[in-house]
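Coordinate inspection notes
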Amino acid sequence: MTDIAVTGVSVICSLGIGRKAFWEGLTNARSGIKKIQSFDTTALRSNIAGCVEDFDPRRFMPTNVYRRMSRISQMAVAASMEALADSGLKLDQMDRDRIAVIMGTAYGSSSSVEDFYVSFLSDGPRGAQPLYFPETVPNAPASHIAMFHGITGPNTTFCQNGISAENAVLYAQNILAGNYADIALVGGADELSPILYNCYNTFIQGIRADDDGQVRPRPGNGIVLGEGAGIIVMERMDYALRRGARIYGILKSAVQTGGYTQIGHYEYGGVQMRRAIELAIEIAGVGPEELDQICVSANYSGELDRMEARGLSGIFDQQADDLIVTPLKYLAGDFGGAGILSISATLMGLRNQVSLPGVRLSSLLGESDMEWQRPGKSVIASSLLTSSTFGGGSAAMVFTK
């Protein structure tokens with residue numbers, strides 16, 4: 001397998017806008033989940049989410065550029081700008097046909113879909129607002145990134161619910177290894193809108209902020225939604241070394257599996273989720289005992305949290321009682337492209353040689369208090385990322401320094 005280096009990172013989410021703010025929020029285990037202020041939740045079962053506050057596209061691009069974008073596209077383009085700057089790449093000195101943009105999103109701009117449909121219902125086919133329509137397609141963020149930077153290489157968007165960003169990474173790995181591109185801007189993005197929140201109302205099981213505004217979700221209470229965007233810059237190791245790039249980490253393996261389930265549920269028993277983890281570890285050539293940090297996709301739903309906890313317990317066996325894992329969605333909320341948050345956190349931990357804060361594996365089962373702690377390892381050499389989505393899909397990746 002061809003080693004793929006990551007040389008640039010950017011994240012915009014409820015933990016912070018930009019790489020540094022995200023890292024500060026993460027390392028302090030500061031929750032970005034708050035009471036929703038941007039729309040009315042009075043009639044809904046829940047009123048909390050990981051909303052991105054204070055994002056202003058004017059900080060990143062001219063008005064005549066961002067005004068044609070939906071919020072998800074604005075966040076994605078802003079993240080791409082920081083990730084490219086972080087990588088040290090000079091696009092004006094490169095063949096932009098050899099640069100790819102690969103994105104993952106579950107729903108794209110759900111607010112644009114609503115706006116267009118409402119205008120259609122209100123004014124009929126001839127009165128529907130055409131300016132809304134381009135942002136209704138899920139590949140709009142990837143297209144805007146390419147247009148903004150003048151990138152003309154492969155451009156692809158994956159939509160597979162909660163492992164959309166992971167799909168993007170796997171595909172980017174393949175096109176880089178196959179020499180179809182030298183560089184890939186890879187990421188995930190989703191926005192939280194009133195219509196999307198209403199659609200999830202059935203799954204959210206009544207988690208509400210206290211009268212004093214405090215938010216106290218616990219594993220098993222139900223999904224806590226979020227939003228955001230993130231971009232990483234991936235390139236073949238030989239290309240990165242040749243240009244003297246600073247490397248966050250190396251993607252050593254990436255595996256995707258699928259298992260049987262019912263609509264709206266996660267895989268029964270987690271057999272294929274465990275298989276994805278075992279294959280990723282085997283391909284990477286590391287043993288479970290050699291993994292220094294583990295990011296999981298637990299999202300407070302209970303069903304996913306239990307499946308991941310039991311799967312990891314089976315793999316780590318005797319070590320499971322002391323295992324510390326990082327459920328980033330507990331801090332930032334869950335969205336289709338949220339895997340890019342865990343990927344970015346994993347890479348930043350490797351580059352900074354800092355252990356990510358986490359909770360005991362038993363916390364995902366509700367068997368122990370959810371107390372955030374830092375393992376405090378002196379060397380972070382390899383990291384595992386696990387992910388699953390409703391519909392039965394699972395993914396696992398191993399990154400090394």
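Details of the structure are given in the entry above.
Predicted model only: the values in this text are computed from it and were never measured.

**Side note on the packing of helix 1 (residues 19-27) against helix 12 (residues 339-352)**
At a closest axis distance of 11 Å, the pairing of helix 1 and helix 12 adopts a crossing angle of 85 degrees. Overall, the two elements helix 1 and helix 12 adopt an arrangement that is roughly perpendicular. Taking contact as the criterion, the partners of Arg-19, Phe-22, Trp-23 and Leu-26 in helix 1 are, on helix 12, Leu-341, Ser-344, Ala-345, Met-348, Gly-349 and Asn-352.

**Comments concerning the packing of helix 3 (residues 71-87) against helix 5 (residues 140-149)**
Running from N to C, helix 3 and helix 5 cross one another at 45 degrees; their axes reach a closest spacing of 9 Å. Considered as vectors, helix 3 and helix 5 are oriented oblique to each other. Between helix 3 and helix 5 the crossing geometry is right-handed. Within the contact between the two elements, helix 3 uses Ile-72, Ser-73, Ala-76, Val-77, Ser-80, Met-81 and Leu-84 and helix 5 uses Ala-140, Pro-141, His-144, Ile-145, Phe-148 and His-149. Residue classes in the contact of helix 3 with helix 5 are distributed as nine nonpolar, four polar and no charged.

**A word on the pairing of strand 9 (residues 249-258)**
With seven of ten residues buried, strand 9 is to be regarded as a mostly interior element. Here strand 1 (residues 4-13) runs beside strand 9; their pairing, made up of three bridges, is antiparallel. Bridging from a neighbouring strand, Val-6 pairs with Gly-249 of strand 9.

**Some thoughts on helix 5**
Among the ten residues that make up helix 5, seven are buried, leaving the element largely enclosed by the rest of the structure. Turning to helix 5, its buried residues are Ala-140, Pro-141, Ala-142, His-144, Ile-145, Ala-146 and His-149. Close packing links the buried residues of helix 5 with helix 3, strand 5 (99-104), strand 6 (155-158), strand 7 (183-190) and strand 8 (228-236).

What counts, and where the lines are drawn
Residues numbered from 1 in each chain as written. Predicted model: local features only at pLDDT ≥ 70, side-chain atom pairs only at ≥ 80, totals over all residues. Heavy atoms only, no water. Axes fitted to C-alpha atoms, helices over the stretch in contact; angles between N-to-C directions. Helix = DSSP H or I, 4+ residues; strand = E, 2+ residues; numbered from the N terminus. Parallel < 35°, antiparallel > 145°, perpendicular 65-115°, else oblique. Contact = heavy atoms within 4.5 Å. Left-handed = near helix turned anticlockwise from the far one by under 90°. Nonpolar A, V, L, I, M, F, W, Y, C, P; charged D, E, K, R; others polar. Buried < 20%, exposed > 50% of the residue type's maximum accessible area, 1.4 Å probe, protein only. Pairing = 2+ DSSP bridges.

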